Amino acid sequence: MECGSGFEACFHLVGEGEAGGDEVVLAGHLFADPGFAVLGAEAQPAQAVPRWGLFETAPAAARHRAVAWLGHIREVESGLPGGPGTMGAVREQYAPDRWTLAQREQAKAAELTALGFGKVSRTTVQRMRLAYRAQGLWGLVDHRTTRAPSPAGRTDERVAAAVKDVLRSRRGRSKAPSAP
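Here the residue numbers are simple positions, counted from 1 along each chain's written sequence. In view of the model being predicted, local features appear only for residues whose pLDDT reaches at least 70, and side-chain atom pairs are presented and counted only at 80 or more, with totals across whole chains, interfaces and linings using the full set of residues. The basis for every side-chain value is the complete set of non-hydrogen atoms in the structure, without hydrogens or water.

**Student:** I'm lost on the nonpolar core in this one. Help?
**Tutor:** Nonpolar side chains in soluble globular proteins generally cluster together in the buried interior. In terms of nonpolar packing, the biggest core is built from 19 residues, with Trp69, Val120, Val125, Leu140 and Val141 touching the most fellow members. By the criteria applied, helices consist of DSSP H or I runs no shorter than four residues and strands consist of E runs no shorter than two, each listed in order from the N terminus. Elements with a contribution of two residues or more to this core: helix H3 (60–78), helix H4 (101–115) and helix H5 (122–135). The element that contributes the greatest number of residues to this core is H3, accounting for six residues. Only heavy atoms enter the contact rule, under which two residues are in contact if any of them lie within 4.5 Å. Discounting residues that sit within four places of it in the chain, valine 120 has contacts with Trp69, Ala109, Leu112, Thr113 and Val125. For this analysis, a nonpolar core means a set of buried residues of the types Ala, Val, Leu, Ile, Met, Phe, Trp, Tyr and Cys, connected via side-chain atoms within 4.5 Å. Buried means the residue's accessible area, taken with a 1.4 Å probe over protein chains only, is under 20% of the maximum for its type, while exposed means over 50%, and partly exposed covers the values in between.

Structure below.
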């Protein structure tokens, strides 16, 4: 995957000193390196570590939908689709100085429903916003698409365990009917 494709984040690292050269690094590789650390991180409050490697394992449709949610969540929280500190004008219905967070969530729910996201409620927008705050972009992924299928399918695990127990107890027994 190439930087700027919309699903993979890249960082431009600027080298120091005479020997230091600039590098572009895929975020997944950077965060996976055990030697990676954010300088001055001790002074800042703890934040959720981005789960880039996990995000890349999600199906393309789930990643695309998560990225689509990202701008909407940022707009609810800060008023700007790019998040705080970005350029642009705050749309009236998302002005933090004018509307409460619940009102902005309600406005976003109505907008997403009109855009074809399905029937989106204020609670759904709130849940997605809180998931993003706790887990970053990984929190916006529909995790039904990332679960491995169960060998028992949709059968209750207790029923599958009971059937296995019965089959184990029958092991070694003859399949022929017993003599009278």
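Next, the rest of the story.
**Student:** Hey, could you run me through the packing of aromatic side chains in this one?
**Tutor:** Working definition: a ring pair exists when centres of Phe, Tyr or Trp rings (six-membered ring for Trp) sit within 6.5 Å. Plane angles under 30 degrees give stacked, over 60 give edge-to-face, the rest tilted. Tallying each qualifying case throughout the model produces one aromatic pair. An angle of 90° between the planes, with centres 5.8 Å apart, marks the rings of tryptophan 69 and phenylalanine 117 as edge-to-face. Of this pair, tryptophan 69 sits in helix H3 while phenylalanine 117 is found in the loop between H4 and H5, placing the two residues 48 residues apart along the sequence. For the pair tryptophan 69 and phenylalanine 117, a shared accessibility class is recorded, and that class is buried.

**Student:** Would you take a moment to explain the side chain of glutamate 105 for this structure?
**Tutor:** On the secondary structure map, glutamate 105 appears in helix H4. Two N or O atoms count as a polar contact when they lie within 3.5 Å, although within protein this holds only if one can serve as hydrogen donor and the other as acceptor, and sequence-adjacent residues are included solely when both atoms are side-chain atoms. Among the polar contacts listed, one links the side chain of glutamate 105 to the side chain of arginine 122, at a separation of 2.6 Å.

**Student:** Would you take a moment to explain H3 for this structure?
**Tutor:** Within an α-helix, residues lying three or four positions from one another point in the same direction, as the helix has 3.6 residues per turn. Take the residue count of a helix, subtract one, and multiply by 1.5 Å to get its expected span. Between its terminal C-alpha atoms H3 stretches 27 Å, which fits the 27 Å expected from 19 residues at 1.5 Å a residue. Among all positions of H3, only Ala62, Arg63, Ala66, Trp69, Leu70, His72, Ile73, Glu75, Val76 and Ser78 are buried. Following H3 by one or two positions, glycine 79 adopts a phi angle in the positive range, close to 95°.

**Student:** Could you clarify how one ought to interpret the packing of H3 against H5 in this entry?
**Tutor:** Helix-helix packing: each pair is described by the crossing angle between the helix axes and the interaxial distance. The axes used here are C-alpha line fits, helices contributing only the stretch in contact, and every angle between their N-to-C directions lies in the interval 0 to 180 degrees. The contact between H3 and H5 brings their axes to 10 Å, and the two run at 95°. Comparing their axes, H5 and H3 come out roughly perpendicular. On H5, the residues that touch Trp69, Leu70, Ile73, Arg74, Val76 and Glu77 of H3 are Thr124, Val125, Met128, Arg129, Tyr132 and Arg133. Only Asp, Glu, Lys and Arg are considered charged in this grouping, and only Ala, Val, Leu, Ile, Met, Phe, Trp, Tyr, Cys and Pro are considered nonpolar; every other residue, Gly among them, is considered polar. In terms of residue class, the contact of H3 with H5 is built from seven nonpolar, one polar and four charged. Any angle that is under 35 degrees is reported as roughly parallel, and any over 145 degrees as roughly antiparallel; angles of 65 to 115 degrees are reported as roughly perpendicular and all others as oblique.

From the geometry alone we can't say anything about function, so treat these as descriptive.
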